[in-house]
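# Chains, contacts and geometry: an overview
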Amino acid sequence: MLPVGRLNHFAYDIGVEEPRDLIRAVEEGGAVAVDVGRFASPDDGGARTAAGGRSEGIFLNTFSIGVHPELVRGRERWAHRLGDRPAAVLAALRVPRSAREPMSAEFRGRRRPLWLLFADNGARHRQGLGPGRRLDMADGLLDLRIVHGGRRPGARLLAAALAGPAVRSPAQASVRLRELRVDGISPGTVVAYDGEVTDVRGPLVLDKLPEALTVYRPLPATG
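Overview of the structure. Nothing here was measured: the structure is a model prediction, and the numbers come from that model. (Residues numbered from 1 in each chain as written. Predicted model: local features only at pLDDT ≥ 70, side-chain atom pairs only at ≥ 80, totals over all residues. Heavy atoms only, no water.)

### Some words on the nonpolar core
In terms of nonpolar packing, the biggest core is built from 22 residues, with Phe-39, Phe-63, Phe-107, Leu-117, Leu-144 and Leu-206 touching the most fellow members. At the level of secondary structure, the elements contributing two or more residues to this core comprise strand S3 (62-66), strand S4 (103-107), strand S5 (110-121), strand S8 (142-148), strand S10 (180-182), strand S11 (189-193) and strand S13 (204-216). With residues up to four places along the chain from it excluded, the contact list for Leu-206 reads Arg-38, Phe-39, Phe-63, Leu-117, Ala-119, Leu-142, Leu-144, Arg-178, Glu-179 and Leu-180. With 10 residues, the next largest nonpolar core counts Ile-14, Val-34, Leu-60 and Val-215 among its residues. (Core = buried A, V, L, I, M, F, W, Y, C linked by side-chain atoms within 4.5 Å. Buried < 20%, exposed > 50% of the residue type's maximum accessible area, 1.4 Å probe, protein only. Helix = DSSP H or I, 4+ residues; strand = E, 2+ residues; numbered from the N terminus. Contact = heavy atoms within 4.5 Å.)

### Digging into the packing of aromatic side chains
For the structure on display, the rule yields three aromatic pairs. Measuring from ring centre to ring centre gives 5.0 Å for Phe-39 and Tyr-193, while their planes differ by 65°; the resulting arrangement is edge-to-face. Taken as a pair, Phe-39 in strand S1 (residues 31-40) and Tyr-193 in strand S11 lie far apart in primary sequence, 154 residues in all. Given the relative accessible area of 1%, Phe-39 is considered buried. With a relative accessible area of 19%, Tyr-193 lands in the buried category. Look at Phe-59 and Phe-63: their rings are 6.1 Å apart centre to centre, the planes differ by 35°, and that puts the pair in the tilted class. One aromatic cluster is present, formed by Phe-39, Phe-59, Phe-63 and Tyr-193 through successive ring pairs. (Phe/Tyr/Trp six-rings, centres within 6.5 Å; stacked < 30°, edge-to-face > 60°.)

### Here's the deal with the pairing of S5
As judged from the five bridges shared by S3 and S5, these two strands associate in the antiparallel manner. Across the sheet, residue Thr-62 finds its bridge partner in S5, namely Asp-120. Relative to S5, S4 runs antiparallel, the two being bridged by five bridges. When the sheet's bridge partners are listed, Phe-107 is paired in S5 with Arg-110. In textbook terms, the turn of a hairpin is the stretch between consecutive antiparallel strands, and for S4 and S5 this stretch comprises two residues, one of which, Arg-108, has a positive phi near 50°. Looking at chain direction, S5 and S8 are connected through seven bridges and run antiparallel. Within S8, the position partnered with Phe-118 by the bridge is Arg-145. (Pairing = 2+ DSSP bridges.)

So, in structure tokens, the structure goes:
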């Protein structure tokens with residue numbers, strides 16, 4: 001795989017920030033194995049799609065459930081008229097206002113209300129309030145962030161943003177895990193993964209496929 005593309009966070013974290021980085025990677029033969037994130041129905045037969053198959057998908061960047069998938073849908077709805085960035089801003093303004101109730105999910109036997117569960121494929125190393133960068137794409141970890149249910153999502157999401165992604169607070173929690181099972185998901189709940197949106201039919205397991213993909217990246221500078 002050759003990672004490249006405008007606003008491609010995976011390519012950026014691999015070190016391919018512009019086309020000449022990719023050319024240098026191919027010329028130098030800088031191949032590296034990276035993890036692939038995965039969500040799937042548990043093996044106990046929980047979540048099945050309408051066609052009888054499993055709910056499943058893979059992601060290189062992010063997976064989310066809660067208000068974020070609706071933000072993705074809103075952006076797609078208006079992007080052809082407004083462009084990507086204005087559509088994303090409009091979705092961010094409208095979706096939190098229209099969301100009345102947080103979703104409910106169960107973690108380790110405890111049911112919790114939440115506005116957002118967001119998983120990065122790999123640990124992000126952050127400074128300040130920025131999104132940070134994944135320095136090791138084969139670390140076996142999911143970088144998870146949960147914005148708790150409570151007041152309307154706008155206030156909760158704003159508080160989580162101001163606190164920073166690595167800070168535990170009444171509004172949010174952050175943790176790094178190799179696997180997470182999410183039970184109690186209502187049928188038809190929408191999830192987003194790498195910009196794609198789909199619905200699921202029940203419980204999910206988030207985990208990693210270790211070093212399942214080989215990509216080309218620039219070799220580290222020497223000397």
